[in-house]
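Spelled out from the first residue to the last, the chains are:
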Amino acid sequence: MLLGVNIDHIATLRNARGGVEPSVEKAAEIAEENGASSVTTHLREDRRHIKDEDVYSLISKLKTRLNLEMAMAEDIQKIALDIKPYSICLVPEKRQEITTEGGLDVAGQLDKVTEFIKPLLDKGIIVSLFIDPDEEQVKASAKTGAQFIELHTGTYSECYGYEEEEQEFQKLKKSAELAQSLGLQVNAGHGLNYENVHRMHEIQGLQELNIGHSIISRAVFTGLPEAVSKMNSLIK
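Residues numbered from 1 in each chain as written. Predicted model: local features only at pLDDT ≥ 70, side-chain atom pairs only at ≥ 80, totals over all residues. Heavy atoms only, no water.

## Overview of the nonpolar core
- Grouped together as the largest cluster of nonpolar side chains are 66 residues, with contacts concentrated most on Ile7, Ile88, Leu90, Leu129, Met200, Leu209 and Ile215.
- Look past the residues within four positions of leucine 209 in its chain and what remains in contact with it is Met1, Leu2, Leu3, Gly4, Ala188, Leu192, Val197, Met200 and Ile235. (Core = buried A, V, L, I, M, F, W, Y, C linked by side-chain atoms within 4.5 Å. Buried < 20%, exposed > 50% of the residue type's maximum accessible area, 1.4 Å probe, protein only. Contact = heavy atoms within 4.5 Å.)

Laid out in structure tokens, this is it:
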């Protein structure tokens, strides 16, 4: 498996004072140097952390891949078409949420999702859909033309160590198997940390894990190079 490092909360810290520190670009550089196969940023509609200028700067400086998380917003679609990141991950978005609260309802808006991602696919951008581990959502995702899904591991992560853990883990495993049988490639992420990430090795065919909050939290105490390197060693 590969490690994608989400650096959104570097921007959160920077924006708390309104200055330029800590540097999003420097964080991306450190992540690259310590084993990240990609750098993920979520350009939210409210721009609460990553800003437009951040993604333009990153796309010009990154040596590895930029994965741009985004909602179905026309202005952000235009930015994606302009910078042409290696990949985008389409996510649901609510203005008042603290973090992404669940997967995209692809089944309930199949035509809308298919239409929205078509220009991105036409530009050669790899498209991933962030969905809950649900059979209906997996089957719908396979109909859109997207090459990837990213399975929402948040519920599994919350249940880790409790009796519901195995049930939630099996949902992830079965969804990954179904997706691959339908020709989709599979990533996973949300809530994964240094304690629960090891079970992802039990899911055959996972391409990449996208992890942010846990890495940045550890980095407060150990430094970003160690935090990225440690997570990378765990998923290898």
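## Some thoughts on the environment of tyrosine 194
- Positionally, tyrosine 194 belongs in the loop between β7 (185-189) and β8 (206-211).
- Taking the relative accessible area as the measure of exposure, tyrosine 194 reaches 13% and is therefore buried.
- Along the primary structure tyrosine 194 and leucine 234 are separated by 40 residues, whereas in three dimensions their C-alpha atoms are 7.6 Å apart.
- Not counting residues within four places of it along the chain, the set of residues in contact with tyrosine 194 comprises Ser214, Ile215, Arg218, Ala227, Lys230, Met231 and Leu234. (Helix = DSSP H or I, 4+ residues; strand = E, 2+ residues; numbered from the N terminus.)

## Quick look at a negative patch on the surface
- Taken together, Asp105, Asp132, Asp134 and Glu136 make up a surface patch of like negative charges.
- Structurally, the position occupied by aspartate 132 is in the loop between β5 (126-131) and α6 (135-142). (Patch = residues over 30% accessible without salt bridge, like charges linked within 9 Å, V, L, I, M, F, W, Y side chains within 5 Å. Areas by Shrake-Rupley, 256 points an atom, 1.4 Å probe, with all protein chains shown as cover. Salt bridge = Lys/Arg side-chain N within 4 Å of Asp/Glu carboxyl O. Lys, Arg positive; Asp, Glu negative; His and termini not counted. Charge placed at Lys NZ, Arg CZ, Asp CG, Glu CD.)

## Here's the deal with the sheet that holds strand β1 (residues 2-6)
- Taken in spatial order, the 8 strands of this closed barrel run β1-β2-β3-β4-β5-β6-β7-β8, and their pairing is parallel. Sheet twist, expressed as the average angle between the axes of neighbouring strands with direction ignored, equals 25 degrees. (Pairing = 2+ DSSP bridges. Axes fitted to C-alpha atoms, helices over the stretch in contact; angles between N-to-C directions.)

## Concerning unusual backbone geometry
- Proline 22 follows glutamate 21 through a cis peptide bond whose omega is -5 degrees.
- Structurally, the position occupied by proline 22 is in the loop between α1 (8-17) and α2 (24-33).
- Phi at arginine 47 is positive, roughly 55 degrees, even though this residue is not glycine.
- One can find arginine 47 in the loop between β2 (38-42) and α3 (52-61).
- Classification of arginine 47 as buried rests on a relative accessible area of 16%.

## Examining the pattern of salt bridges
- Under the defined criterion, the tally for this structure stands at 14 salt bridges.
- A salt bridge links arginine 14 to aspartate 54, with the shortest nitrogen-to-oxygen separation between them at 2.8 Å. Taken as a pair, arginine 14 in helix α1 and aspartate 54 in helix α3 lie far apart in primary sequence, 40 residues in all. Taken individually, arginine 14 and aspartate 54 each receive the classification buried, so the pair is uniform in this respect.
- Note that arginine 199 and glutamate 165 form a salt bridge whose closest N and O atoms lie 3.0 Å from each other. Linking arginine 199 in the loop between β7 and β8 with glutamate 165 in helix α8 (residues 165-181), this pair joins segments that are 34 residues apart in sequence.
- Glutamate 165 gets classed as buried once you look at its relative accessible area, which sits at 14%.
- When salt bridges with common partners are traced through the structure, they connect Glu165, Glu166, Arg199 and Glu202 into a single cluster.

Everything listed here is a matter of coordinates, which is why it stays silent on function.
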